Amino acid sequence: MTGTPDFRIEIDGRPATAEDLARFVMVSSYGHFTAMQVRGRAVRGLDFHLERLAGGTRELFGTGLDGGRVLDAVRHALGDDVDASVRVNVFRPDGADDVSLLVSVRGPGPGPSGAQSLMSVDYQRPVAHVKHVGGFAQGYFGNAAREAGFDEALLVGPGGVIAEGSITNVGFADGDTVVWPDAPALHGITMRVLQREMDAAGVPWRHRRVTVADVASFDGAFACNSRGIAPIGRLDEQILPTGAELVKRVIGLFESAPWDAL
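Predicted model, so just to flag it, every value in this text is computed and none were measured.

Asker: Got a minute to help me understand the overall build of the protein in this structure?
Answerer: When you go through the protein residue by residue, the secondary structure sums to six helices and 16 strands. A globule of 262 residues ought to have a C-alpha radius of gyration of about 18 Å, and the protein, at 19 Å, matches this closely. The principal-axis extents of the C-alpha atoms in the protein amount to approximately 55 × 35 × 35 Å. Evaluated residue by residue, the protein yields a buried proportion of 49% over its 262 residues. Look at the contacts in the protein between residues 6 or more apart in sequence, and 70% of them connect residues 24 or more apart. For the protein, the accessible surface area stands at approximately 12,000 Å², while carbon and sulfur atoms represent 52% of it.

The structure is reproduced here in structure tokens:
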């Protein structure tokens with residue numbers, strides 16, 4: 001089947017029942033997840049997804065999570081579909097000794113269309129290094145940004161220190177070097193894929209403190225997540241250059257990055 005998949009949910013390899021979902025809702029405020037785009041039954045950065053899930057499970061539940069179990073669950077939920085958006089939630093039902101996997105499958109997510117506009121907001125995610133559930137504030141500020149005419153919210157801490165987007169990582173072009181903000185943030189899968197590809201291509205990158213006031217000094221900027229990467233053309237009322245050669249090169253590295261078969 002190559003068309004758009006129906007939205008469906010499986011828990012531990014079987015279709016979720018109403019009772020299963022009710023149990024999940026009761027504990028869904030504590031857990032973690034990863035979200036991936038599947039194309040041709042392949043995923044960019046699959047090893048990073050598995051590392052994320054294993055690490056989050058150890059930190060939140062004190063137990064391991066076998067990558068083979070995750071792959072089996074994703075493959076089963078996909079069925080015959082080759083292109084899809086897939087999300088894997090890890091949670092522990094009340095009274096259970098082991099964690100459960102909820103896998104949701106829906107149609108492929110579109111990539112960004114053109115340069116992105118970001119609205120800065122005063123917020124940083126708690127336990128930012130974990131892709132945990134319960135992101136009310138991210139949704140709140142993301143919606144506020146879109147209602148104000150922006151594409152995304154940029155999470156900013158005290159002193160205007162930039163951390164990350166509400167659902168993205170951001171990078172800045174400084175000459176021939178990519179600068180990632182040094183602040184509490186999720187090390188996103190696409191960010192890690194880019195860093196791996198930049199290392200292979202000899203493109204230098206580093207982390208350092210970046211504030212909103214610093215943005216004007218950069219040659220350009222970009223935002224990235226599992227759906228893709230795009231230049232940032234506006235931050236608040238500030239127009240940013242979108243033609244930096246380094247940003248173009250980073251976008252090209254992502255577009256040529258390998259896909260890992262499921």
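Asker: Teacher, can you tell me more about empty space enclosed by the protein here?
Answerer: In this approach the atoms are scanned with a rolling probe the size of a water molecule, which exposes any empty space left behind. Under the defined criterion, the tally for this structure stands at one cavity of 30 Å³ or more. In this model, the largest cavity occupies a volume close to 50 Å³. Contributing to the lining of the largest cavity are Leu 118, Leu 154, Val 170, Phe 172, Val 215, Ala 221, Ile 232, Leu 235 and Leu 240. The set of elements that each furnish at least two residues to the lining of the largest cavity consists of strand 10 (169-174) and strand 14 (228-235). When the residues that make up the lining of the largest cavity are grouped by side-chain class, the tally is nine nonpolar, no polar and no charged.

Asker: Sorry, what's going on with the pairing of strand 8 (residues 152-156) here?
Answerer: Of all five residues that make up strand 8, five are buried, and the element is covered over most of its length. Burial of the side chains of strand 8 extends over both faces: Glu 152, Leu 154 and Val 156 are buried on one face and Ala 153 and Leu 155 on the other. Pairing between strand 7 (residues 116-122) and strand 8: five bridges, direction parallel. Bridging across to strand 8, Val 121 finds its partner in Leu 155. Regarding topology, helix 4 (residues 136-147) serves as the crossover connection from strand 7 to the parallel strand 8, and that connection is right-handed. The pairing of strand 8 with strand 9 (residues 162-165) spans three bridges and is antiparallel. Across the sheet, Leu 155 pairs through a bridge with Glu 164, a residue of strand 9.

Asker: How do you make sense of unusual backbone geometry when you look at a structure like this?
Answerer: Glycine aside, negative phi is the norm for most residues, and most peptide bonds take the trans geometry. A positive phi angle is found at Val 127, which is not glycine, with a value near 45°. Within the secondary structure, Val 127 is located in the loop between strand 7 and helix 4. Of the residues examined, Val 127 reaches a relative accessible area of 47% and is grouped as partly exposed. The backbone of Asp 236 shows a phi angle near 55°, a positive value even though the residue is not glycine. Note on placement: Asp 236 falls in the loop between strand 14 and strand 15 (238-239). The class for Asp 236 is partly exposed, based on a relative accessible area of 22%.

Asker: Explanation requested: the layout of surface pockets in the structure shown.
Answerer: Considering only enclosed or pocket space, the second largest pocket measures out at about 260 Å³ in volume. Lining the second largest pocket we find 15 residues, and of these Arg 52, Gly 56, His 129, Val 130 and Leu 186 sit closest to its centre. Counting residues per element, the ones that place at least two in the lining of the second largest pocket are strand 3 (32-38), helix 2 (46-61) and helix 5 (189-201). No other element matches helix 2, which puts five residues into the lining of the second largest pocket.

Asker: Any chance you could explain the pattern of salt bridges here in plain terms?
Answerer: A side chain with one charge can pair with a side chain of the opposite charge if their charged atoms come near. Scanning the model with the defined rule gives 11 salt bridges in all. The shortest N-O distance in the salt bridge between Arg 196 and Glu 197 comes to 3.2 Å. Assessed through its relative accessible area of 14%, Glu 197 is described here as buried. Taken together, the shared-partner salt bridges connect Asp 12, Arg 69 and Asp 98 into one network.

Asker: Explain the side chain of Glu 164 to me, please; I cannot follow it from the model alone.
Answerer: Within the element layout of this structure, Glu 164 appears in strand 9. A polar contact is formed between the side chain of Glu 164 and the backbone nitrogen of Leu 186, at a distance of 3.0 Å. Glu 164 has contacts with Arg 125, Ala 128, Ala 153, Leu 154, Leu 155, Asn 169, Pro 184, Ala 185 and Leu 186, leaving out every residue within four places of it along the chain.

Quick notes on the rules
- For every chain, the first residue of the written sequence is number 1, and numbering continues from 1 onward in sequence order.
- Residue-level local features of this predicted model are given only where pLDDT is at least 70; pairs of side-chain atoms are given and counted only at 80 or more, and the full residue set underlies all totals for whole chains, interfaces and linings.
- The side-chain values count all of the structure's non-hydrogen atoms but skip hydrogen atoms and water molecules.
- Elements are defined by DSSP. Helices are runs of H or I of four residues or more, strands are runs of E of two residues or more, and each kind is numbered from the N terminus.
- Both definitions apply: the radius of gyration is a C-alpha atom measure, and the globule rule equals 2.2 Å times residues to the power 0.38.
- Here's how the labels work: a residue is buried when its accessible area is under 20% of the maximum for its type, exposed when over 50%, partly exposed in between, all with a 1.4 Å probe on protein chains only.
- We call two residues in contact whenever any of their non-hydrogen atoms come within 4.5 Å of each other.
- Computed with the Shrake-Rupley method and a 1.4 Å probe, the accessible areas treat only the protein chains shown as cover for residues.
- Points on a 1 Å grid, built from protein atoms alone, make a cavity when a 1.4 Å probe fits but cannot get out and make a pocket when they are open with protein on both sides within 12 Å along at least 5 of 7 lines; residues with an atom within 4 Å of a point are the lining residues.
- Grid points are joined across faces, edges and corners, and a volume is the space filled by probe spheres set on the points.
- Only Asp, Glu, Lys and Arg are considered charged, only Ala, Val, Leu, Ile, Met, Phe, Trp, Tyr, Cys and Pro nonpolar, and every remaining residue, Gly among them, polar.
- Strands were regarded as paired on the criterion that DSSP finds at least two bridges between them.
- With strands facing away from the observer, any crossover in which the path from the first strand over the helix to the second runs clockwise is taken as right-handed.
- Only one rule defines a salt bridge in this text: a Lys or Arg side-chain nitrogen within 4 Å of an Asp or Glu carboxyl oxygen.
- Definition of a polar contact: a pair of N or O atoms within 3.5 Å, with one able to donate and the other able to accept a hydrogen when the atoms are protein atoms, and with sequence-neighbouring residues admitted only if both atoms are side-chain atoms.

None of the figures reported here should be taken as evidence of function without further support.
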